[in-house]
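Each chain is listed here by its residues.
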Amino acid sequence: MLIIIAPNILLGKNYMMNCTSPDFKATAFYKYNSANETLLIRPMKNRWKDFCKTNAQSEESISCTFNKLNISRSSTVKKEDGYIIKSYNINFVEYSLFETIKTYKNNNLKEKINNIYKCRKIKI
């Protein structure tokens with residue numbers, strides 16, 4: 001019986017974590033399927049969505065880079081007098097999430113904010 005169950009435990013392809021913003025205003029679940037390189041997000045009281053394709057806040061040019069259990073996502077939000085570049089670095093080895101928000105005005109960097117989310121592993 002152990003021989004049948006052990007390979008599934010050792011070769012697990014799904015990873016999941018729950019992350020909360022530093023100001024405790026936003027919480028979301030992240031699920032990563034390493035076999036298909038699919039990253040799903042489920043904010044509180046919403047359904048699962050593909051984080052690499054979901055367009056939140058009128059984002060443009062969304063791109064994801066998968067490097068084993070490290071995922072990088074970047075997007076651009078255009079404003080009237082500038083734009084915002086958001087980037088997320090998600091690590092399913094350390095179960096961490098780093099967000100960087102760069103605000104540009106007239107093509108000059110106006111503000112840079114780094115947020116370190118508090119994350120915890122969820123067993124599937």
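Given the structure is predicted, the values throughout are model-derived calculations rather than measurements. (Residues numbered from 1 in each chain as written. Predicted model: local features only at pLDDT ≥ 70, side-chain atom pairs only at ≥ 80, totals over all residues. Heavy atoms only, no water.)

Novice: Would you mind going over the pairing of strand S7 (residues 82–91) with me for this structure?
Specialist: Side-chain positions along a regular strand alternate between the two faces of the sheet. Relative to S7, strand S6 (residues 70–78) is paired through nine bridges, and the arrangement is antiparallel. Bridged to asparagine 70 within S7 is asparagine 91. As consecutive antiparallel partners, S6 and S7 are separated by three residues. Here 10 bridges tie S7 to strand S8 (residues 96–105), and the two strands are oriented antiparallel to one another. Residue pairing for S8: tyrosine 83 is matched across the bridge by tyrosine 104. (Pairing = 2+ DSSP bridges. Helix = DSSP H or I, 4+ residues; strand = E, 2+ residues; numbered from the N terminus.)

Novice: Mind showing me how you'd approach unusual backbone geometry here?
Specialist: A negative phi angle is the norm for most residues apart from glycine, just as the trans form is the norm for most peptide bonds. The phi dihedral of lysine 45 falls on the positive side, at around 65°, and the residue is not glycine. Residue position: lysine 45 is located in the loop between strand S3 (38–43) and strand S4 (49–50).

Remember that the coordinates give geometry; whether it matters functionally is a separate question.
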